Amino acid sequence: MNPNITKLFGIAGKPTRTIIGLMSGTSFDGLDIALCEFTGSGPGTRLQLKQFTTREYTPAFKEELKTVFARSSVNLERVTLLNAYIGIYYARLIKECLVEWNVDPSTVDLIASHGQSIFHSPKHQRPKDADPYGNATLQIGDGDHLAVNSGIITLTDFRQKQIAAGGEGAPLAVYGDYLLFASPTENRILLNIGGIANFTYLPANNTDDFFSTDVGPGNTLMDQYIQANFPGQYYDKDSAIGLRGAVNERLLAALKNHPFFAAPFPKTTGPELFNLPYLTTALASASASAHGTTRTETPGTGGQHDLSPYDIMATLAAFSATQIIDAIESKLGGRNDFSIYASGGGIYNPQLMQHLKKHFGDKLGTTTALHLNPDAKEAVLFALLANEAVAGTPTGPSPRVSMGKISFPH
């Protein structure tokens with residue numbers, strides 16, 4: 001038998017597995033690296049987060065990623081080069097962390113890497129296209145390069161199997177949320193506010209009614225606007241810009257005026273829809289409404305309008321919050337016997353969280369209350385998917401599949 005298969009078979013049979021989970025989101029903050037220990041698989045899986053860190057990307061690397069991200073036309077050579085480079089880069093960061101943590105690489109069973117999303121294209125975003133294609137998504141960061149350069153068996157490309165089995169490739173958090181956080185006594189909402197916001201609903205004592213969906217932009221529009229208008233900044237730290245402004249109701253209404261928000265759950269989306277041209281269109285619409293006339297749009301991030309950057313940022317924060325609130329209220333039908341556990345970069349946006357807290361009050365907290373660092377949650381969930389792929393029986397939401405392609409180090 002191939003010794004790699006023999007080793008993988010042994011890992012699958014272990015009572016406890018050590019897995020490194022990697023996550024790099026659409027905000028390009030850096031690489032989340034979570035060293036996890038899983039005991040068992042399926043419902044009842046026990047997790048111990050041994051170590052966690054985020055290795056921040058250099059400004060030059062962030063700019064490189066932006067050249068291939070969420071664009072209908074890109075330099076194909078650049079995509080090809082980055083696909084290999086990211087795998088090698090991730091391996092280097094992992095090895096540095098293992099040295100710092102005083103962890104022997106031979107004690108790590110698996111690496112689970114989400115990779116870097118560069119395009120997400122669910123079919124519903126192409127309703128006018130008479131194409132033969134269904135849902136599609138693309139993450140780069142080659143697993144073979146990561147495995148060979150780290151010396152550790154690696155699982156990557158988790159979203160493809162879920163799409164192949166009939167899903168949209170997102171959100172995948174529902175699988176881990178169900179296995180780790182379902183409660184027999186509490187209705188729980190696991191809210192992730194990344195570039196895109198999504199939530200999982202886990203009703204108490206009803207494993208057949210759990211549910212997950214994207215709801216719209218989390219940080220992505222705010223981050224894109226900051227990057228385009230405030231050189232050297234990648235996000236609105238401490239809401240310093242947004243808190244200087246006021247919500248513009250006309251712009252807020254224009255931002256909310258899109259068929260995506262009326263589409264039934266579950267659904268997925270991405271920065272391919274919610275981007276600077278989307279904001280430009282909304283600004284032009286809001287300006288026309290204010291002046292009672294049609295005004296010419298200016299390509300880029302603005303259009304003709306009378307709003308300050310501070311008002312725009314305040315309105316974008318309100319927009320993200322409003323869509324989260326509307327989606328949760330729509331799903332739960334007015335009931336209020338639930339708790340919300342938030343994670344993702346959005347929890348560090350005071351203005352966004354103020355809107356949510358004003359509406360949900362004490363129901364809103366973070367996954368810290370569930371004994372999981374909210375910064376680590378997504379990296380942990382991909383480590384869990386790798387654990388399920390090698391040791392579990394497909395369970396949880398439909399489609400019930402094992403996700404992840406396996407790359408051997410030699």
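Higher on the page you've got the structure.
Calculation criteria
- Residues numbered from 1 in each chain as written.
- Predicted model: local features only at pLDDT ≥ 70, side-chain atom pairs only at ≥ 80, totals over all residues.
- Heavy atoms only, no water.
- Buried < 20%, exposed > 50% of the residue type's maximum accessible area, 1.4 Å probe, protein only.
- Helix = DSSP H or I, 4+ residues; strand = E, 2+ residues; numbered from the N terminus.
- Arc of directions from axis to C-beta.
- Contact = heavy atoms within 4.5 Å.
- Polar contact = N/O pair within 3.5 Å; in protein donor to acceptor, adjacent residues only side chain to side chain.
- Pairing = 2+ DSSP bridges.
- Axes fitted to C-alpha atoms, helices over the stretch in contact; angles between N-to-C directions.
- Parallel < 35°, antiparallel > 145°, perpendicular 65-115°, else oblique.
- Left-handed = near helix turned anticlockwise from the far one by under 90°.
- Nonpolar A, V, L, I, M, F, W, Y, C, P; charged D, E, K, R; others polar.
- Salt bridge = Lys/Arg side-chain N within 4 Å of Asp/Glu carboxyl O.
- Phe/Tyr/Trp six-rings, centres within 6.5 Å; stacked < 30°, edge-to-face > 60°.
- Lys NZ or Arg CZ within 6 Å of the ring centre and 35° of its normal.

**Q** Just checking my understanding: could you explain helix H4 (residues 143–150) for this structure?
**A** Since the α-helix turns once every 3.6 residues, residues separated by three or four places project in the same direction. Among the residues making up H4, those that are buried are Gly143, Leu146, Ala147 and Ser150. Buried residues of H4, seen end-on, are gathered within an arc of 95° and therefore sit on one face of the element. Those residues of H4 hidden inside the fold are in contact with strand E1 (16–24), helix H3 (76–100), strand E4 (110–121), strand E6 (154–156) and strand E12 (405–407). Of the residues flanking the start of H4, the one acting as N-cap is Asp142, its side-chain oxygen 3.2 Å from the backbone nitrogen of Asp144.

**Q** In this structure, what is going on with unusual backbone geometry? I would like to understand it.
**A** Excluding glycine, residues mostly carry a negative phi; peptide bonds, for their part, are mostly trans. Cis peptide bonds are those with omega within 30 degrees of zero, and the linkage from Ala170 to Pro171 qualifies with -15°. Tracing the chain through its elements places Pro171 in the loop between helix H5 (158–164) and helix H6 (173–181). The omega torsion across Phe265 and Pro266 is -10°, close enough to zero to call that bond cis. By the secondary structure assignment, Pro266 is in the loop between helix H9 (259–262) and helix H10 (276–291). Despite not being glycine, Ser239 shows a phi value in the positive range, around 55°. With respect to the helices and strands, Ser239 occurs in the loop between helix H7 (220–229) and helix H8 (249–256).

**Q** How should I be thinking about the sheet that holds strand E8 (residues 196–202) in this particular structure?
**A** Each strand in a sheet pairs with another by means of backbone hydrogen bonds, the pair being arranged parallel or else antiparallel. Here 5 strands make up an open sheet; going across it, the order is E9-E8-E7-E10-E11 and the pairing mixed. Two strands bound the open sheet, and with one partner strand each, they are strand E9 (211–217) and strand E11 (364–366). On average, each strand axis in the sheet is tilted by 25° relative to the strand beside it, whichever way the strands run. Here strand E7 (residues 188–193) pairs with E8 via 6 bridges, running antiparallel. For Leu190, the partnering residue across the bridge sits in E8 and is Thr200.

**Q** Please clarify how the environment of Ser285 should be interpreted in this entry.
**A** Checked against the element boundaries, Ser285 lands in helix H10. Judged by its relative accessible area of 39%, Ser285 falls in the partly exposed class. Remark: the alpha-carbon pair of Ser285 and Arg250, spanning 35 residues in sequence, is separated by 8.4 Å.

**Q** Any chance you could explain the packing of H8 against helix H11 (residues 309–332) here in plain terms?
**A** The axes of two packed helices give the description: the angle between them and the distance between them. Close contact between H8 and H11 brings their axes to 9 Å; oriented N to C, the two are set at 50°. When the axes of H8 and H11 are compared, the pair comes out oblique. Crossing of H8 over H11 shows right-handed handedness. Packed against H8, whose contacting residues are Leu251, Leu252, Leu255 and Lys256, the element H11 presents Ile312, Thr315, Leu316, Ala318, Phe319, Thr322, Gln323 and Asp326 at the interface. Taken together, the residues of the contact of H8 with H11 sort by class into 7 nonpolar, 3 polar and 2 charged.

**Q** Just to check I follow, could you spell out the pattern of salt bridges for this structure?
**A** Pairing is possible between side chains that carry opposite charge, provided their charged atoms lie close to one another. Applying the stated rule across the entire model yields 14 salt bridges. A salt bridge links Glu56 to Lys62, with the shortest nitrogen-to-oxygen separation between them at 3.7 Å. Taking the relative accessible area as the measure of exposure, Glu56 reaches 61% and is therefore exposed. Residue classification places Lys62 among the buried positions, given a relative accessible area of 6%. Measuring nitrogen to oxygen at the nearest pair gives 2.9 Å for the salt bridge that ties Glu64 to Arg78. Here Glu64, found in helix H2 (residues 59–66), pairs with Arg78, found in helix H3; they are 14 residues apart in sequence, far enough to count as distant. Connected through shared salt-bridge partners, Arg55, Arg92, Glu96 and Glu100 make up one network.

**Q** Can you walk me through the packing of aromatic side chains in this structure?
**A** Any pair of aromatic rings gets described here by the distance separating the centres and the angle formed by the planes. Going through the model one piece at a time under the given rule, you end up with 17 aromatic pairs. With a centroid separation of 6.0 Å and 50° between ring planes, the pair formed by Phe199 and Phe211 is classed as tilted. On the criterion of sequence distance, the pair formed by Phe199 in strand E8 and Phe211 in strand E9 is long-range, its members being 12 residues apart. Overall, Phe211 belongs to the buried group, its relative accessible area being 11%. Put simply, the rings of Phe260, Phe261, Phe274, Tyr278 and Phe319 pair up and form one aromatic cluster. Just above the ring of Phe260 sits the side chain of Lys267; from NZ or CZ to the centre is 4.6 Å. Over the ring of Phe211 we find Lys331, and its NZ or CZ is 4.2 Å from the ring centre.

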